[in-house]
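Each chain is listed here by its residues.
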Amino acid sequence: MDKQDWQKKGTGHRGRLRDRFLESGIDGLGNIEILELLLSFGTPRSDCKEAASELLKKYGSFSKVLDAPGHSLLKIKGIGPKNSFALQFIQAVASHYLKDRIRGKRYLHSSKEVADYLIHSMRGLKIEVLTVLFLDSSHAIIDSEIVAEGTLNVNTIYPREIIKRAMDYHAAALILAHNHPSGSLIPSTQDIKLTKTLFLLCTCMQIQLLDHLIIGDGTYSFADEGLMGSIREKCQKTLSLLASP
């Protein structure tokens, strides 16, 4: 088979994959086929099936392929700068879509969508990051920002910067979220201490700290597990002592 016939065969194969997607949606395709189509956006004249298979073999899952850094992708046979870019771009588009989808929605009514966004944006990260969701007085989400990276504790977080950003957004409430690269969902002593410190400062500034979420192999909510209630009680006792003559 000459090159022209080979390209026609590849084009026909990708056309059938696109038709199957249009007919049955993403569930009509396997992970290798999804990756094959994504790679073909970068190199439309190349056969991407073998490269897609190699990606899944190396990284173990579809999500880990999309989370892989560009320099690592380029080590896979058949992956060049163009289709590496296609994978990184689609991952960034997905994150942007999920973030945009939660803006303006009330947190309590959209907690699953918030979790979807946080899991996607923090999954696979090798370092800890702290994200803050800024909410208005009706607990609708104004925006979210990564405010710290690295080892997260009371010594590395700058509460005044978080409060300043909250004031810039005219936020009435906040939600903290950070990841555990290990996958563990157990809050550390530092996680709890950090939450207490920020809760106390937010209360002084008449801003509510509604929850602290840990993203790992799933999600852990301080509010759902009763930790926020305990922290609230302790902080109120501290404030009462400070207010007493």
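Parameters at a glance
- Residues numbered from 1 in each chain as written.
- Predicted model: local features only at pLDDT ≥ 70, side-chain atom pairs only at ≥ 80, totals over all residues.
- Heavy atoms only, no water.
- Patch = residues over 30% accessible without salt bridge, like charges linked within 9 Å, V, L, I, M, F, W, Y side chains within 5 Å.
- Areas by Shrake-Rupley, 256 points an atom, 1.4 Å probe, with all protein chains shown as cover.
- Salt bridge = Lys/Arg side-chain N within 4 Å of Asp/Glu carboxyl O.
- Helix = DSSP H or I, 4+ residues; strand = E, 2+ residues; numbered from the N terminus.
- Buried < 20%, exposed > 50% of the residue type's maximum accessible area, 1.4 Å probe, protein only.
- Pairing = 2+ DSSP bridges.
- Axes fitted to C-alpha atoms, helices over the stretch in contact; angles between N-to-C directions.
- Expected span 1.5 Å × (residues − 1).
- Core = buried A, V, L, I, M, F, W, Y, C linked by side-chain atoms within 4.5 Å.
- Contact = heavy atoms within 4.5 Å.
- Parallel < 35°, antiparallel > 145°, perpendicular 65-115°, else oblique.
- Left-handed = near helix turned anticlockwise from the far one by under 90°.
- Nonpolar A, V, L, I, M, F, W, Y, C, P; charged D, E, K, R; others polar.

Asker: An account of a nonpolar patch on the surface is needed here, citing residue identities and associated values.
Answerer: A cluster of nonpolar side chains, contributed by F85, F89, I90 and V93, occupies part of the molecular surface with about 370 Å² of accessible area. Structurally, V93 is set in helix 6 (residues 81–102). Classification of V93 as partly exposed rests on a relative accessible area of 37%.

Asker: Give a description of the sheet that holds strand 4 (residues 208–216) that names residues and reports values.
Answerer: If you walk across this open sheet you meet the five strands as 2-1-3-4-5, and the pairing is mixed. Edge positions in the sheet fall to strand 2 (141–149) and strand 5 (218–221), since each of these pairs with one other strand and no more. Mean inter-strand twist for the sheet, computed between neighbouring axes without regard to direction, equals 20°. Sheet analysis places strand 4 next to strand 5, joined by four bridges and oriented antiparallel. Opposite L213, over in strand 5, you have S221 as the bridge partner.

Asker: Describe in detail helix 2 (residues 31–42), supporting the description with residues and values.
Answerer: The terminal C-alpha atoms of helix 2 lie 18 Å apart, and with 12 residues this matches the ideal 16 Å at 1.5 Å per residue to within 8%. For helix 2, the tally of buried residues reaches nine of 12 residues, placing the bulk of the element in the interior.

Asker: Tell me what's going on with the nonpolar core, and back it up with residues and numbers.
Answerer: Counting residues in each nonpolar core, the largest one holds 25 residues, and the members touching the most others are F134, I162, L174, L209 and F222. When residues of this core are traced back to their parent elements, those giving at least two are strand 1 (129–135), helix 8 (159–168), strand 3 (173–179), helix 9 (189–204), strand 4 and helix 10 (227–243). Ignoring sequence-local partners within four residues, the contact set of I162 consists of L130, V132, F134, V147, I157, L174 and L198. Core analysis: the second largest hydrophobic core is formed by 20 residues, L35, A52, L73 and I79 among them.

Asker: Go over the pattern of salt bridges, please, and point to the residues and values.
Answerer: Scanning the entire structure with this criterion turns up 12 salt bridges. Put simply, R101 and D116 hold a salt bridge, and the shortest N to O gap is 3.7 Å. Pair noted here: R101 is in helix 6 and D116 is in helix 7 (residues 111–122), with a separation of 15 residues, a long-range link. Among the ionic pairs, K105 bridges to E113, the shortest N-O distance being 3.0 Å. Counted as one network, the salt bridges with shared partners bring together K99, D100, R103 and D143.

Asker: Which residues make up unusual backbone geometry, and what are the values?
Answerer: The backbone of H139 sits at a positive phi, close to 65°, despite the residue not being glycine. In this structure, Q206 takes a positive phi of about 60° despite not being glycine. Here Q206 is to be found in the loop between helix 9 and strand 4. Classification of Q206 as exposed rests on a relative accessible area of 75%.

Asker: Please provide a residue-by-residue account of the packing of helix 6 against helix 7, values included.
Answerer: Running from N to C, helix 6 and helix 7 cross one another at 150°; their axes reach a closest spacing of 9 Å. With respect to helix 7, the axis of helix 6 lies roughly antiparallel. Like other packed secondary-structure pairs, helix 6 and helix 7 cross with a definite hand, here left-handed. Of the residues in helix 7, those touching helix 6 at Q91, A94, S95, L98, K99, R101 and I102 are E113, V114, D116, Y117, H120 and S121. Its residues placed into classes, the contact of helix 6 with helix 7 shows five nonpolar, four polar and four charged.

Remember, this is a structural readout, not a statement about activity or role.
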